[in-house]
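Architecture and fold: a report
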Amino acid sequence: MRISAAQRAFNWFNICLLAFISITAVLPFLHVLAQSFSDNVAIDKGDVYLWPVRFTAESYNLIFHDPTVWSSMRNSVVITIGGTFINLAATATLAYALSRQEYRFRKVVLMMVLITLIFQAPLIPNYLLIRNLHLLNTLWALMLPNAISAFNLFVMRSFFMGLPGELIDSGRIDGCGELRMLWSIVLPLSKPVMATMGLIYGVNNWNTFKDAIYYITKNNLIPIQVKLQQMVVDNTLGNSDINSEMAKLLSPEGIKMAVIIVATIPIMMAYPFLQKYFVKGMMVGSIKS
Amino acid sequence: MASSTAPAQAFRPHADKPRKLAPIRKHGVLYLLSIPGIVYFLIFKYVPLFGSVIAFQNYSIFSGIWHSPWVGLDQFRRMFDYEDFTRILSNTILIGLYDLVFAFPVPIVLALLINELRLLPYKRIVQTAVYLPHFLSWVIVGGIIINFLSPTTGVVNHVLEQVFGIDAVYFLGDNSYIRTILIGSGIWKDSGWGTIIYLAAIVGINPDLYEAAQMDGAGRLRQVWSVTLPAILPTIAILFLLHIGRFLDFGFERVFIFLNPLNSDNGDIIDTFVYRTGLIDQQYSYTTAIGLFKSVVGLLLVVISNALTRKTTGESLY
């Protein structure tokens, strides 16, 4: 097929535009990385762009000697591993029950879940609940309230429903109990959906911020995101020219950037898998709903 | 187990009641498995929902929900009397509106552009790059943007000063920039990710349609306009509806991170106000009333826009 000059021009324009957009998505990150390895004087002078100036790992050295950074990392690891385990267990069990014809309360429970999607309780009743359950200032407050996402529940349910019915039948003929059936037939077949859900939940748990602001006031229990917010964002005012000397004393730019990098590394490591599974998961979800 | 109990039941003499329960007992494990999930929804979703009645009380933490005095609609009346509330409501509506007008169309355009790429490896690279910011938390995104815009060390101000000779601007300390920053940061974070659903919808288009359009002499632009766009219109409609439903839910985290006393006149929204006044200043009943108001308006918005969309495009959520 012949391509007209106008179309060729558009193609090149499009390639360049998307290159520009892609660079905009990634470049800020390189800038942060460069700053985190640069000398603070060079950062203040504005010499650092995409490559470290007067290379130093001092910022990392400083944050790794800060016990509060360590404790916040430990909390985030606990929330991410423990929380994701709770998420998967709670979502998979309910989704499995809801996927089976034999489960009689299917419609009632589905309706119950759907209503929570449409109408959500305001912040304060949620806060009072956590308070009355004595979960304030515990890591449970960051894991239990979001144990099941209704959207993920529906995606997982439709995956279970898509499994071939013959497998269930053959399991029954072999005399499998329901539990055996779930454990040795359904779950091994569900590795892709479990991996996708695990990643979705895992990223959400690592990024937990709002709930920690609401429910955690003790500094030794905050996750890394809140620690980061305290260091980076809280002194936006301090950053103003009014007391910029103060701001520099509080936390030099290089240190803030180093914390950003540390908080991002797990996401970056997971990103290749995220991209692979997420995109599939999103497509399945969007087609099903 | 299943095969051994079935014949046994048939011979049972007074089988009337057991027969009703038999299927439940037979698949008892299914019911057991569903219990944790159901309990989760009851405790963490329904208890707060019923707990919202404190909006009609003068709740005090000492008397609890059972003994606090009922005050009818007083809290709601107080809401509209308070002039700060009108400012916060109008901020919420304006920011929501800007988000709808400026951020919502970006993924559509981006998806159309990505779809025009013919070089597959390049397409994959672009997608890998633009999906990335979605996975960063708002704190990280906020930290990066605050660093960029800093009046002393930020790269934006360095460029402004050195290239254009403009004095440093304290972007975050100014009411006139905060909304742009809020919307812009959202576009940077989530537009790429938003293309996925549209790209999935575009993949599903029947290639015959493009062939037919080519036969009729339609160029690439014309094909986008007359084939691609109409084909993804249902997807756009559904996502538009979902967006409308979350209209007042701009998101606590994004605003909370950028908010400071110098920009809160234009940046403070319902969520951040409820956090400050409710959680910090402990005006529980009053802020629950505000939250309830927000939820009800959100519900109404979904119902109304659903009806409108069904009438105009034939698509609807339910």
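Quantities reported herein were computed from a predicted structural model and do not represent experimental measurements. (Residues numbered from 1 in each chain as written. Chains lettered and ligands numbered in written order. Predicted model: local features only at pLDDT ≥ 70, side-chain atom pairs only at ≥ 80, totals over all residues.)

**Thoughts on the overall build of chain A**
Applied cut-off: The way it works is that DSSP assigns letters per residue, a run of H or I at least four long becomes a helix, a run of E at least two long becomes a strand, and they are numbered from the N terminus. Any residue with 12 or fewer other C-beta atoms within 10 Å of its own C-beta is exposed, any with 20 or more is buried, and the rest are partly exposed; the C-beta atoms used are placed from the backbone.
In terms of regular secondary structure, chain A is built from 15 helices and zero strands. Sorting the 289 residues of chain A into buried and exposed places 36% on the buried side.

**Regarding the nonpolar core**
For clarity, the cut-off: A set of buried Ala, Val, Leu, Ile, Met, Phe, Trp, Tyr and Cys residues, joined to one another through C-beta atoms within 7 Å, is what we call a nonpolar core. Think of it this way: build a C-beta for each residue from its backbone, and any pair within 7 Å is a contact.
Residues Met156, Leu228, Val259 and Ile260 of chain A together with Ile140, Val255 and Phe258 of chain B are the most contacted members of the largest nonpolar core, which totals 119 residues. Looking at this core, the element that brings in the most residues is helix H11 (residues 178-203) of chain B, giving 10 residues. Apart from the residues lying within four places of it in its own chain, the contact partners of Val259 of chain A are Ile63, Val69, Leu228, Met231 and Val232 of chain A.

**Describing the domain arrangement of chain B**
Put simply, the rule is: Domain delimitation in this document rests on an assignment produced automatically or drawn from a domain database.
Entries for chain B in the domain assignment read domain 1 (2-56) and domain 2 (78-313). Look at where the C-alpha atoms of domain 1 of chain B and domain 2 of chain B centre, and you get two points 42 Å apart.

**Considering the packing of helix H5 (residues 74-81) of chain B against helix H17 (residues 284-313) of chain B**
All names here are of chain B. Definition in use: Comment: axis = line fitted to C-alpha atoms, over the contacting stretch for helices; angle = value between 0 and 180 degrees taken between N-to-C directions. We call two directions roughly parallel when the angle between them is under 35 degrees, roughly antiparallel when it is over 145, roughly perpendicular when it lies between 65 and 115, and oblique otherwise. Following the grouping adopted for this structure description, the nonpolar residues are Ala, Val, Leu, Ile, Met, Phe, Trp, Tyr, Cys and Pro, the charged ones are Asp, Glu, Lys and Arg, and the polar ones are all others, Gly among them.
Their axes nearest at 9 Å, the elements H5 and H17 cross at an angle of 80°. By the angle between their axes, H5 is roughly perpendicular relative to H17. Contacts between H5 and H17 pair Gln75, Phe76, Arg78 and Met79 from the former with Ser285, Tyr286, Ala289, Ile290 and Phe293 from the latter. The residue makeup of the contact of H5 with H17, split by class, is six nonpolar, two polar and one charged.

**Observations concerning the interface of chain B and chain A**
Listed as interface residues are 77 residues of chain B and, on the opposing side, 80 residues of chain A. By residue number, the principal contributor to the side of chain B that touches chain A is helix H3 (residues 28-51) of chain B, which donates 15 residues. Looking at the side of chain B that touches chain A, its residues break down into 49 nonpolar, 24 polar and four charged.

**Considering unusual backbone geometry**
Residues other than glycine seldom take positive phi values, yet Arg54 of chain A does so here, at roughly 50°. Note on placement: Arg54 of chain A falls in the loop between helix H2 (40-45) and helix H3 (58-64). Classification of Arg54 of chain A by C-beta neighbours within 10 Å gives partly exposed; the count is 13. Phi is positive for Gln282 of chain B, which is not a glycine, with a value near 60°. For Gln282 of chain B, the location among the structural elements is in the loop between helix H16 (270-280) and H17. Accessibility expressed as a C-beta count within 10 Å gives 13 for Gln282 of chain B, which makes it partly exposed.

**Regarding the UniProt feature "transmembrane region" (unreviewed entry) in chain A**
Counted only if it meets this: UniProt positions are given in the numbering used here, feature names are shortened, and annotations may be inferred rather than shown by experiment.
Listed under "transmembrane region" (unreviewed entry) in the UniProt record, and renumbered for this structure, are residues 12-34, 77-96, 108-128, 140-160, 181-201 and 254-274 of chain A. Structurally, residues 108-128 of chain A is divided into 81% helix and 0% strand, and its ends, taken at the C-alpha atoms, are 27 Å apart.

**As for the domain arrangement of chain A**
All names here are of chain A. With domains assigned, chain A is organised as domain 1 (1-56) and domain 2 (57-288). With nine residues of domain 1 at the interface, the matching set in domain 2 holds 10 residues. Those elements that provide at least two residues to the side of domain 1 that touches domain 2 are helix H1 (5-36) and H2. At four residues, H1 tops the list of elements feeding residues into the side of domain 1 that touches domain 2.

**Comments concerning the environment of Asp81 of chain B**
Residues and elements named next belong to chain B. With respect to the helices and strands, the residue Asp81 is situated in helix H5. Judged by C-beta crowding, with 9 C-beta atoms within 10 Å, Asp81 ranks as exposed. Separated by 170 residues in sequence, Asp81 and Gly251 have C-alpha atoms that sit 25 Å apart.

**What to know about the UniProt feature "transmembrane region" (unreviewed entry) in chain B**
All names here are of chain B. With numbering matched to this structure, UniProt assigns "transmembrane region" (unreviewed entry) to residues 29-47, 93-114, 129-149, 224-244 and 284-308. Summarising residues 29-47: 100% helix, 0% strand, and an end-to-end C-alpha distance of 26 Å. Each end of residues 224-244 is marked by a C-alpha atom, and these two atoms are 26 Å apart; helix forms 100% of the span and strand 0%.

**As for the UniProt feature "domain: ABC transmembrane type-1" (unreviewed entry) in chain B**
Per the UniProt record, the feature "domain: ABC transmembrane type-1" (unreviewed entry) sits at residues 89-305 of chain B. Note that residues 89-305 of chain B is 76% helix and 0% strand, and that its end C-alpha atoms are spaced 20 Å apart.

**Observations concerning helix H12 (residues 207-215) of chain B**
H12 of chain B sits mainly on the outside: zero of its nine residues count as buried. A positive phi of about 85° marks Gly217 of chain B, the residue just after H12 of chain B.

**Describing the confidence of the model for chain B**
All names here are of chain B. Here is the rule: The predictor rates its confidence in each residue with pLDDT, a number between 0 and 100.
For chain B, per-residue confidence averages 87 on the pLDDT scale, and 92% of positions sit at 70 or higher. The secondary-structure element of chain B with the lowest mean pLDDT is helix H1 (residues 2-10), recorded at 44, while helix H7 (residues 105-116) shows the highest, at 95. For the stretch residues 1-15, pLDDT sits under 50, and the model shows 11 contacts to residues farther than four places along the chain or on other chains. At the level of chain-chain contacts, confidence expressed as ipTM amounts to 0.88, with global pTM at 0.87.

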